[in-house]
Amino acid sequence: MPVITILPHAEYCPEGRQVSAPAGTSICEALLEHDVPIEHACDQVCACTTCHVIVRSGARSLSEMEEGEEDMLDRAWGLEPDSRLSCQAILGGQDVTIEIPKYSINHAKERN
């Protein structure tokens, strides 16, 4: 079972964490199942960017990015070359390390 290493995030996971999930599970589902409260405003249907993560290692073992995810990611705050929507990134057989960006579009709007 692959392990997701979550780098520390001040709000969602201050200490960092490792969680296991079966292959075929999205990163978002795995985080939510392990009480890491990542935002997912669109209910995981690839219609927002609130579940944006940056894959620091293991990206090759994730499902390939589809066009809809690519288009949506263009709107993500803090976009990087290894960014993914966690609701669309499906685990393969390898471990991954992710970083949850400091802000999402929702945070930026709510705190202005």
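Conventions we followed
- Residues numbered from 1 in each chain as written.
- Predicted model: local features only at pLDDT ≥ 70, side-chain atom pairs only at ≥ 80, totals over all residues.
- Heavy atoms only, no water.
- Helix = DSSP H or I, 4+ residues; strand = E, 2+ residues; numbered from the N terminus.
- Rg over C-alpha atoms; globule rule 2.2 N^0.38 Å.
- Buried < 20%, exposed > 50% of the residue type's maximum accessible area, 1.4 Å probe, protein only.
- Contact = heavy atoms within 4.5 Å.
- Pairing = 2+ DSSP bridges.
- Axes fitted to C-alpha atoms, helices over the stretch in contact; angles between N-to-C directions.

A. Focus on the overall build of the protein chain. When its secondary structure is counted, the protein chain shows three helices and five strands. Going from the N terminus to the C terminus, the protein chain shows its helices and strands as β-β-α-β-α-β-β-α. A globule of 112 residues ought to have a C-alpha radius of gyration of about 13 Å, and the protein chain, at 13 Å, matches this closely. Considering only C-alpha atoms, the protein chain reaches an extent of 40 × 35 × 25 Å along its principal axes. Counting all 112 residues of the protein chain, 44% fall into the buried class. For the protein chain, restricting intrachain contacts to residue pairs at least 6 apart in sequence, the fraction spanning at least 24 positions comes to 66%.

B. Seen up close, the sheet that holds strand 3 (residues 52-57). Read from one edge to the other, the open sheet built from five strands follows the order 2-1-5-3-4, with strand pairing classed as mixed. On the outer flanks of this sheet lie strand 2 (17-20) and strand 4 (83-85), each paired with one strand and no other. On average, each strand axis in the sheet is tilted by 35 degrees relative to the strand beside it, whichever way the strands run. Of the pairings in the sheet, the one linking strand 3 to strand 5 (residues 96-99) comprises three bridges and is antiparallel in character. Bridging across to strand 5, Ser57 finds its partner in Thr97.

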